[in-house]
Amino acid sequence: MQVFFVYKSLAHPEGGSSPFVPPFTLKERLLHVQEAKKTLGATVPWLCDTINNDLKHALGDRPNSEFVIDPQGKIVVMRDWSNPSTLRSDLEKIVGAVDKPTQVSDLNLKIETTPRPAASGVVKRVSLPNPGQPLLVEAQVSKIPYYVKLRAEADSDLLRSGKGKLYLGFHLDPIYHVHWNNLAKPLEWEVTSVGAVSVTPTKGTGPTVETESDIDPREFIVNVDSERDAGPFDVTVKYFACSDEQGFCIPVTQTYSVTLKQDRDGGQARRSGGGRGPGGRPPSRRRPDGDSPGGFSVARLMSHDRNKDGKVSRDELPGSLTRILDRADSNNDDAIDEKEAEVIAARFRQRLPRQRPTR
Amino acid sequence: MKLWINSALAITLTLLQIGDLFAQQSRPGERRANGVRRGVGSDNRSGAGTLERAGLKVGQQMPDVTVYDENGEKFPLSRAKGKHAVLVFGCLT
């Protein structure tokens, strides 16, 4: 029997206790694997998916699925969500039960948390009024590592019509253990090549921060007006990256190309602040057009209907939203129409009890 | 071999009970039983509705994909043939 963990694209960038952001290269994803290995303290070997996410795509695009494969390479068990106790039952049927199952308490696992090189929570977070969808971002070749990663997200209007709001978030990548130097010039960005895309404003500067160093992202909301199928536009960023561990503080200039197309492997960031109430919670009020507190928007969901057939199919949904389809698809046509979306929205509003499994 | 299976299962259990660092933070209709996440709406006997709708089937051959080991060396999935293998997907967030 062999067990492998398969490291894949981040399902929720910036989630959890450390603000990890999607890697740009295989080398960076392998650094994630090292971080996961160190943090979890497990000795199970890791496999690392390709940077194009080939294995994730080939095996159903789920964030935490599990598979049991027989010696001939055939799938004998597959599960949407990993379930350790059920997995144990499966393996007992396949290879036999054991007399004294090892428990977690029998293992001496050393779990480490990722250290933070500087203060956080000193710069107010910024986000789109409603969760945006990640866009395709390509980093242009640089001799210096991408200590800062650009995350671009579009609101539903922008994705649907080419006109709307764009989130530009410049996030320090925790794998490099660097921080901002607030004694130097703050981060500056500029749209350096536009083509058929109009961005307003075309440049920005990060806030002046009194704390000497921090690791908070520098975030901006811009307006975009673009032609349909417009090509990418470039964003150039200048910043100082500092590492106390490695003893450097250097100026960096790097350029990204942003395309107004959804990155289906970009995950769904869960971030607070910016347009929300105190504590990062959404204000408790009813919203129009079938929206409900807690962020479920019928309009936003239906904005994914790219072929305008009146329903959102599985192919049209970003990977992180396909679980809504599983819940909402009452007529089993593998798509959500507006009526089914309204039912889900109503459940959110009324907090109807969820369906319990049958045993 | 049984000792190795024991340890592997326990480590997998540990990983999933750590949860926050590897598995999803929340799942539709999730509830916990003894600290272990259980899918609701998915059949615990298979729980593969979404994978099936993605075109995967029990009994089919694994895809011919080459991934990488933790040292960055290529690892064709065919290398896992010869023994039963468990693959668990996840990430840091």
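This structure is a prediction, so every number in the text was calculated from the model and none was measured.

The rules behind the values
Residues numbered from 1 in each chain as written. Chains lettered and ligands numbered in written order. Predicted model: local features only at pLDDT ≥ 70, side-chain atom pairs only at ≥ 80, totals over all residues. Helix = DSSP H or I, 4+ residues; strand = E, 2+ residues; numbered from the N terminus. Buried ≥ 20, exposed ≤ 12 C-beta atoms within 10 Å, placed from the backbone. Contact = placed C-beta atoms within 7 Å. Expected span 1.5 Å × (residues − 1). Arc of directions from axis to C-beta. Pairing = 2+ DSSP bridges. Axes fitted to C-alpha atoms, helices over the stretch in contact; angles between N-to-C directions. Core = buried A, V, L, I, M, F, W, Y, C linked by C-beta atoms within 7 Å. pLDDT = per-residue confidence, 0-100.

### Quick look at the overall build of chain B
- Helices and strands together make up the secondary structure of chain B, namely two helices and five strands.
- Each helix and strand of chain B, ordered N terminal to C terminal, gives the series α-β-β-α-β-β-β.
- Counting across all 93 residues of chain B, residues that qualify as buried make up 37%.
- Nonlocal contacts in chain B, meaning residues at least 24 apart in sequence, comprise 11% of its contacts between residues at least 6 apart.

### Points about the overall build of chain A
- Scanning chain A from N- to C-terminus turns up seven helices and 17 strands.
- Burial statistics for chain A: of 359 residues in total, 39% are counted as buried.
- In chain A, 65% of the contacts between residues at least 6 apart in sequence involve partners at least 24 apart.

### Quick look at helix H3 (residues 84-95) of chain A
Residue and element names in this part refer to chain A.
- Here H3 spans 16 Å end to end across 12 residues, near enough to the 16 Å set by a 1.5 Å rise per residue.
- Along H3, the residues classified as buried are Pro84, Thr86, Leu87 and Leu91. In a view along the axis of H3, the buried residues occupy a sector of 155°, so they form one face of it.
- Directly beyond the C-terminal end of H3, a positive phi value near 105° is found at Gly96.

### Quick look at helix H1 (residues 26-40) of chain A
- For H1(A), with 15 residues, the first-to-last C-alpha span of 21 Å sits near the 21 Å given by 1.5 Å per residue.
- Among the residues making up H1(A), those that are buried are Arg29(A), Leu30(A), His32(A), Val33(A), Ala36(A), Thr39(A) and Leu40(A).

### Here's the deal with the sheet that holds strand E4 (residues 75-79) of chain A
- Read across the open sheet, the seven strands follow the order E4(A)-E3(A)-E5(B)-E1(A)-E2(A)-E3(B)-E4(B); overall the sheet is mixed. The two strands at the open ends of the sheet, each matched to only one other strand, are E4 of chain A together with strand E4 (74-76) of chain B. Averaged over all neighbouring strand pairs, the angle between strand axes comes to 30°, with direction disregarded.
- As defined by bridge partners, strand E1 (residues 2-7) of chain A adjoins strand E5 (residues 85-90) of chain B across six bridges and the pair is classed as parallel. Among the inter-strand pairings, Val6(A) is bridged to a residue of E5(B), identified as Phe89(B).
- The sheet strands contacting H1(A) are E1 and strand E2 (46-48) of chain A together with strand E3 (66-69) of chain B, and the helix crosses E2(A) at an angle near 160°.

### Here we look at the nonpolar core
- Residues Phe4(A), Val6(A), Tyr7(A) and Leu87(B) are the most contacted members of the largest nonpolar core, which totals 41 residues.
- Among the secondary structure elements, those contributing two or more residues to this core are E1, H1, E2, strand E3 (66-69), E4 and H3 of chain A together with E3 and E5 of chain B.
- When residues no more than four places from it in sequence are discounted, the contact partners of Phe4(A) are Pro45(A), Trp46(A), Leu47(A), Ala85(B), Val86(B) and Leu87(B).
- Counting 35 residues, the second largest nonpolar core, distinct from the first, contains Leu128(A), Leu135(A), Leu187(A) and Val235(A).

### Things to note about the pairing of E5(B)
- Counting buried residues along E5(B), six of its six residues qualify, which places the element largely inside the surrounding structure.
- In E5(B), alternate side chains face the same way, and those of Ala85(B), Leu87(B) and Phe89(B) on one face and Val86(B), Val88(B) and Gly90(B) on the other are all buried.
- Note that E3(A) and E5(B) share four bridges and pair antiparallel. Bridge pairing links Phe67(A) to Leu87(B) in E5(B).

### Digging into the environment of Val235(A)
Residues and elements named next belong to chain A.
- Mapped onto the elements of the fold, Val235 is located in strand E14 (residues 233-243).
- The exposure class assigned to Val235 is buried, which follows from the 25 C-beta atoms found within 10 Å.
- Ignoring sequence-local partners within four residues, the contact set of Val235 consists of Leu150, Leu168, Trp189, Val191, Thr255, Tyr256 and Val258.

### Considering the confidence of the model for chain A
Residues and elements named next belong to chain A.
- A residue-level look at chain A finds 83% of positions with pLDDT of 70 or above and a mean pLDDT of 83.
- Below pLDDT 50 for its whole length, residues 273-295 participates in 37 contacts with residues either more than four positions away or in separate chains.
- Every residue in residues 351-359 is under pLDDT 50, and counting partners more than four places away or in other chains gives seven contacts.

### Comments concerning the pairing of E14(A)
All names here are of chain A.
- In this structure, strand E8 (residues 179-181) lies alongside E14, joined through two bridges in antiparallel fashion. In the strand pairing of E14, Trp180 is matched with Ala241.
- Looking at chain direction, strand E9 (residues 188-193) and E14 are connected through five bridges and run antiparallel. Note on E14: the bridge partner recorded for Trp189 is Val237.
- Where E14 hands over to strand E15 (residues 248-262), the hairpin turn is made up of four residues, of which Gly247 adopts a positive phi near 70°.

### Notes on unusual backbone geometry
Residues and elements named next belong to chain A.
- Omega for the peptide link from Thr200 to Pro201 comes to -5°, which places this bond in the cis form.
- Positionally, Pro201 belongs in the loop between strand E10 (197-200) and strand E11 (203-205).
- Here Asp61, not a glycine, exhibits a phi torsion of approximately 60°, which is positive.

### Describing the environment of Lys339(A)
Residues and elements named next belong to chain A.
- Along the chain, the position of Lys339 falls in helix H7 (residues 338-350).
- Taking the number of C-beta atoms within 10 Å as the measure of exposure, Lys339 has 13 and is therefore partly exposed.
- Measuring from C-alpha to C-alpha, the distance between Lys339 and Ala328 comes to 9.5 Å, with 11 residues separating the pair along the chain.

### Some points on the confidence of the model for chain B
All names here are of chain B.
- Across chain B, the average pLDDT comes to 67, with 51% of residues at 70 or higher.
- Under a pLDDT of 50 for its full length, residues 13-45 has, in the predicted model, 73 contacts with residues more than four places off or in other chains.
- The ipTM, which scores confidence in the relative placement of chains, is 0.70 for this predicted complex, and the corresponding pTM is 0.71.

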